[in-house]
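# Report on the structure
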Amino acid sequence: VRRAHDLGLAVICDVVYNHYSPVDNALWEYDGNFKDGGIYVQKPDTPWGSRPAHWRREVRNFFLDHARMLLEDYRVDGLRFDAAHEVSEECLRHVVSGIRANPFWHNKLLIAEWGGSREDYHRVITQFGFDAVWALGDPHAFRDAVNSSPHRSVSRVIETLDDRGFPSNTNFVRY
């Protein structure tokens, strides 16, 4: 991180609070509770691994402490929340508001990768406190708009490139 900053580059870490590893999960039975993985895990699993128990205060605080460590100890410039739509709203609000409560981190960039409905994009910024939405479905929507399907049209291509009416073009990440 220091070297990147010396070169004038910002560093954004990808944080995964929507699932744990399906193998070698360090939090599996971490609390000593040997029933179904302990307090950090809930059922059913996600397609990518064990589902965190987002409703538990201990889990929400664990994720907030992790984010604080990256911002404070490693001095990263922002966080990209992987598949944030898979994290409970309560947990997202807890972590983001905990970060925003620190006056020294107001300039930290918080990006939510969002696979939920496009109608949610503004809410992700205005209600959850993220700076930007990384639209998970955009590559698929663009490919569908330009392929040889019967739904192909210039208007569909333009729709996928629309900035969604955000106040700033930095509120919407394209990839």
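Quantities reported herein were computed from a predicted structural model and do not represent experimental measurements.

## Thoughts on the nonpolar core
Formed by 40 residues in total, the largest nonpolar core has its most connected members in Leu79, Phe81, Val95, Ile99, Trp114 and Phe130. When residues of this core are traced back to their parent elements, those giving at least two are strand S1 (12-15), helix H2 (57-72), strand S4 (78-81), helix H3 (89-100), strand S5 (109-114), helix H4 (121-126) and strand S6 (132-135).

## Comments concerning the packing of aromatic side chains
A full pass over the atoms with the stated rule returns seven aromatic pairs. Where Tyr17 meets Phe81, the ring centres are 5.7 Å apart and the plane angle is 80 degrees; that geometry is what we call edge-to-face. Of the two residues, Tyr17 sits in the loop between S1 and strand S2 (41-46) while Phe81 sits in strand S4, which places them 64 residues apart along the sequence. The same class applies to Tyr17 and to Phe81, which are both buried. Ring geometry for Phe81 and Phe130: centres 5.0 Å apart, planes at 85 degrees, overall edge-to-face. One end of the pair, Phe81, is in strand S4; the other, Phe130, is in the loop between H4 and S6, and 49 residues separate them in sequence. Each of the two residues, Phe81 as well as Phe130, counts as buried. Three or more aromatic residues link up through ring pairs in this structure, and these residues are Tyr17, Tyr20, Tyr40, Phe62, Phe63, Phe81 and Phe130. Positioned over the ring face of Trp134 is Arg80, at 4.7 Å from the centre of the ring.

Each value, and the rule that gives it
- Residues numbered from 1 in each chain as written.
- Predicted model: local features only at pLDDT ≥ 70, side-chain atom pairs only at ≥ 80, totals over all residues.
- Heavy atoms only, no water.
- Core = buried A, V, L, I, M, F, W, Y, C linked by side-chain atoms within 4.5 Å.
- Buried < 20%, exposed > 50% of the residue type's maximum accessible area, 1.4 Å probe, protein only.
- Helix = DSSP H or I, 4+ residues; strand = E, 2+ residues; numbered from the N terminus.
- Phe/Tyr/Trp six-rings, centres within 6.5 Å; stacked < 30°, edge-to-face > 60°.
- Lys NZ or Arg CZ within 6 Å of the ring centre and 35° of its normal.

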